[in-house]
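# What the coordinates show
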Amino acid sequence: MRKTSSPTIAPSEITPRDMYFGRRRFMQAAAGAAAAALLPRGLSAGENLPGVRTGAYVLPDALTPFEDVTHYNNFYEFGTDKETPSRTAGSLKTRPWTVSVEGEVQKPKVFDVDELLKVAPLEERIYRLRCVEGWSMVVPWVGFPLAELIKRVEPTGNAKFVEFITLHDPIQMPGQKSSVLDWPYREALRLDEAMHPLTLLVFGLYGEVLPNQNGAPVRMVVPWKYGFKSAKSIVRIRFVEQQPISTWTRAIPDEYGFYANVNPDVDHPRWSQAKERRLGEFFKRPTLMFNGYAEQVAHLYAGMDLRKFF
Amino acid sequence: MRPEPNALRAAETAVFLAALIPLARLAAGAALGTLGANPIEKIIRTAGYWTLSFLLITLAVTPLRILLRQPWLVRFRRMLGLFAFFYGTLHFTGYLVLDQFFDWQAILKDIAKRPFITVGFPSFVLLIPLAVTSTDAMMRRLGGKHWQRLHRLVYVSAVGGVIHYLWLVKKDIADPLRFAILLTVLLGFRAIVLLRRRARAVSAA
């Protein structure tokens, strides 16, 4: 498989750390990390993830500021406003946390999240994130390809799809007290999509442990699909034979399909998808087929009518 | 009981200044850069929210006047209605300039294809003749009856505006539902008054 299509990012193009943290933030993070080192617990939000190397996929695009990435979130488990999750997600306890990998696999296993973190080396990848609502970001994620985990649990011949299920606990996730969606949140990928080297199991962003509002402690990132396909705060990963019904597809089937590939030619029923606003920019930019990852992923959908399988 | 003219004027000034608070907050947010990650969306949404709010407040004047038996309340109606138009203009130009930047092709497609815009656009356009004919001179020129008939368009605009909001949100309809319930109450009051008046007319005849 092709390793990369984007030119490798030059060190001079990377936003300096002090520009997106600021000295004060850095001092707080350092103090937090020092305190954390004394406590017998896992990593928590704000701490740096150790041993992260630069991954194969990095964009030359300017990064969306840390502040915007962490304060503009669609995460209905914490409220339906985009500003709400950053205020309400503090109630989520990300340690201890386990992820059960089950279903059509030879070696099902319940992973402690700190054990899961060590399944493969962590890398930083800079991906575009395109929301179905017409805005986009550029985020430096930290994680490893989901394929690394899938190989370890050895799917059986019956495994055709992989389903991701988010924590269901209205005490920790106050948005779940409202029945605005069917909880828990479910998303799914075809097995070949899940195995694709771009598909990332994510534990952090900007070098830090994921903030709760961004899907701590572990989430998916599938950069050629609309953001809602990337499940957050995952507790179960199931390998199944039948195509699962995703939460948004169940809620509004004619607006949110199973594939949800970024596609400027297929409008959302309520708005055009031809353009998008990159956060921080005034003029809209044209949306790219498969969010700009067509060279890597178009073959997955060869011969499919993407209007029908939207 | 009718308030003193001075008190009434002071109240008018107070209402006028209060109605400018949402604008002042947006302007301050824009100047300080505190409108969040997507300030364009914030401006358009906030202006839209206050358009609907002022439409409903305007429509509340008549029921309040009748229920409280305070005819002087009507003095505030024109100003409140004009604020609805003002925030509506901000909402619409926000969409036209900040969101689409005069991309007429995209705008026409939106109006034709997206139900929430198909309904929202005429709801705003209908407010223009009402704003234009809001002066005393225009009232006199049109004559009371015609003027009143024309200004009943505000009901159409308010209903359209609430549907526009309902169709915009994807799943959490709590906010638009609040507007819808309030509007139903305000229009329901008028329906009851109308039916009673008719019943009285019938029994008198």
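Residues numbered from 1 in each chain as written. Chains lettered and ligands numbered in written order. Predicted model: local features only at pLDDT ≥ 70, side-chain atom pairs only at ≥ 80, totals over all residues. Heavy atoms only, no water.

### With respect to the overall build of chain B
The helix and strand tally for chain B stands at 11 helices and zero strands. In terms of overall dimensions, chain B has C-alpha extents of about 60 × 40 × 35 Å along its principal axes. Put simply, chain B has 205 residues, and 36% of those count as buried. If you sum the accessible surface of chain B, you get close to 12100 Å²; carbon and sulfur atoms cover 69% of it. Charged side chains in chain B number 26 positive and 9 negative. The centres of these two groups are separated by 13 Å. (Helix = DSSP H or I, 4+ residues; strand = E, 2+ residues; numbered from the N terminus. Buried < 20%, exposed > 50% of the residue type's maximum accessible area, 1.4 Å probe, protein only. Areas by Shrake-Rupley, 256 points an atom, 1.4 Å probe, with all protein chains shown as cover. Lys, Arg positive; Asp, Glu negative; His and termini not counted. Charge placed at Lys NZ, Arg CZ, Asp CG, Glu CD.)

### Side note on the environment of Gly215 of chain A
Residues and elements named next belong to chain A. One can find Gly215 in the loop between strand E9 (208-209) and strand E10 (219-221). On the basis of relative accessible area, Gly215 is assigned to the buried category, the value being 0%. With near-sequence residues (within four places) excluded, Gly215 lies in contact with Phe75, Leu210, Lys232 and Ser233. (Contact = heavy atoms within 4.5 Å.)

### Focus: the pattern of salt bridges
Residue and element names in this part refer to chain A. Enumeration over the complete set of coordinates arrives at 29 salt bridges over all chains. Between Arg128 and Asp61 there is a salt bridge, and its shortest N-O distance comes to 3.7 Å. One end of the pair, Arg128, is in strand E4 (residues 123-130); the other, Asp61, is in the loop between strand E1 (53-54) and helix H2 (66-71), with 67 residues separating them in the sequence. No difference in accessibility class separates Arg128 from Asp61, as the two residues are buried. The partner of Glu102 in a salt bridge is Arg236, with the nearest N and O atoms 2.8 Å apart. Taken together, the residues span a long stretch of sequence, with Glu102 in strand E2 (residues 98-103) and Arg236 in strand E11 (residues 234-240) at a distance of 134 residues. Among the residues examined, Arg236 registers a relative accessible area of 30% and is labelled partly exposed. (Salt bridge = Lys/Arg side-chain N within 4 Å of Asp/Glu carboxyl O.)

### Some words on the confidence of the model for chain B
Within chain B, residue pLDDT values average 94, and 99% of them lie at 70 or more. Scored as a complex, the prediction yields pTM 0.86 and ipTM 0.85. (pLDDT = per-residue confidence, 0-100.)

### Overview of the packing of helix H1 (residues 5-19) of chain B against helix H4 (residues 77-99) of chain B
Residues and elements named next belong to chain B. Relative to each other, H1 and H4 sit at 15°, their axes nearing to 11 Å. Overall, the two elements H1 and H4 adopt an arrangement that is roughly parallel. The handedness of the crossing between H1 and H4 comes out as right-handed. Of the residues in H4, those touching H1 at Glu12, Val15, Phe16 and Ala19 are Met79, Leu80, Phe83 and Tyr87. (Axes fitted to C-alpha atoms, helices over the stretch in contact; angles between N-to-C directions. Parallel < 35°, antiparallel > 145°, perpendicular 65-115°, else oblique. Left-handed = near helix turned anticlockwise from the far one by under 90°.)

### So, the sheet that holds E2 of chain A
Sheet strands associate in pairs through backbone hydrogen bonding, adopting either a parallel or an antiparallel arrangement. All names here are of chain A. Taking strand neighbours across the sheet as the criterion, the five strands line up as E3-E2-E11-E6-E7 in an open arrangement whose pairing is mixed. Whereas interior strands pair on both sides, the edge strands pair on one side only; in this sheet they are strand E3 (109-112) and strand E7 (186-190). Taking each pair of neighbouring strands and ignoring which way they run, the sheet shows an average axis angle of 15°. Where strand E6 (residues 161-166) lies against E11, six bridges are found, and the strand directions are antiparallel. From the neighbouring strand, Glu163 faces E11, where its bridge partner is Arg238. Helix-sheet contacts for helix H5 (residues 146-153) involve E2, E3, E6 and E11, and the interaxial angle to E11 is about 60°. (Pairing = 2+ DSSP bridges.)

### Considering the nonpolar core
Judged by nonpolar contacts, the single largest core of 94 residues is most densely connected at Phe203 and Phe239 of chain A. By residue number, the principal contributor to this core is strand E5 (residues 135-145) of chain A, which donates seven residues. Within the second largest apolar cluster, 27 residues are counted, among which are Ala19, Leu52, Leu59 and Leu73 of chain B. (Core = buried A, V, L, I, M, F, W, Y, C linked by side-chain atoms within 4.5 Å.)

### Some words on empty space enclosed by the protein
By rolling a water-sized probe across the atoms, one finds the places where empty space is left. All names here are of chain A. A full pass over the atoms with the stated rule returns three cavities of 30 Å³ or more. For the largest cavity, the calculated volume is near 380 Å³. Forming the walls of the largest cavity are 26 residues, and the residues nearest its centre are Asn74, Phe75, Gly227, Phe228 and Lys232. Looking at the lining of the largest cavity element by element, the count peaks at three residues for E5. A breakdown of the residues in the lining of the largest cavity according to their chemical character gives 15 nonpolar, seven polar and four charged. (1 Å grid on protein atoms, 1.4 Å probe; cavity = no way out; pocket = protein on both sides within 12 Å on 5 of 7 lines; lining within 4 Å. Points joined across faces, edges and corners; volume = space filled by probe spheres on them. Nonpolar A, V, L, I, M, F, W, Y, C, P; charged D, E, K, R; others polar.)

### Topic: the layout of surface pockets
Residue and element names in this part refer to chain B. Reported here for the second largest pocket is a volume of approximately 990 Å³. Lining of the second largest pocket is provided by 32 residues; of these, Thr62, Arg77, Trp147, His151 and Tyr155 occupy positions nearest its centre. Those elements that place two or more of their residues in the lining of the second largest pocket are helix H3 (39-68), H4, helix H7 (127-132), helix H9 (144-151), helix H10 (153-168) and helix H11 (174-204). Among the residues making up the lining of the second largest pocket, the classes are represented as 18 nonpolar, six polar and eight charged.

### A look at the side chain of Asn291 of chain A
Residue and element names in this part refer to chain A. In this fold, Asn291 is placed in the loop between strand E13 (285-286) and helix H8 (294-297). Taking relative accessible area as the criterion, Asn291 reaches 1% and is therefore assigned buried. Polar side-chain contacts of Asn291 include one of 2.8 Å to the backbone oxygen of Pro223. (Polar contact = N/O pair within 3.5 Å; in protein donor to acceptor, adjacent residues only side chain to side chain.)

### Let's talk about unusual backbone geometry
Glycine aside, the phi torsion of most residues is negative, and most peptide linkages are trans. All names here are of chain A. Cis geometry marks the peptide bond from Arg95 to Pro96; its omega dihedral reads -10°. Its place among the elements puts Pro96 in the loop between helix H3 (84-88) and E2. Omega for the bond connecting Trp183 with Pro184 falls within 30 degrees of zero, at -5°, which places this linkage in the cis form. With respect to the helices, strands and loops of the structure, Pro184 is situated in the loop between E6 and E7. Phi is positive for Glu154, which is not a glycine, with a value near 55°. As for its placement among the helices and strands, Glu154 is situated in the loop between H5 and E6.

### Some details on the interface of chain B and chain A
Of the residues lining the interface, 22 residues belong to chain B; the matching set on chain A comes to 28 residues. Interface area, chain B with chain A, both sides summed: about 2000 Å², of which 50% is carbon and sulfur. At the boundary of chain B with chain A, the tally comes to seven salt bridges. The salt bridge involving Asp267 of chain A is made with Lys113 of chain B; its shortest N-O contact spans 3.2 Å. For the pair chain B and chain A, the interface holds 12 residue pairs in polar contact (both at pLDDT 80 or more). Those elements that provide at least two residues to the side of chain B that touches chain A are H3, H4, helix H5 (104-113), helix H6 (115-125) and H10 of chain B. (Buried area = accessible area lost by both parts, 1.4 Å probe.)

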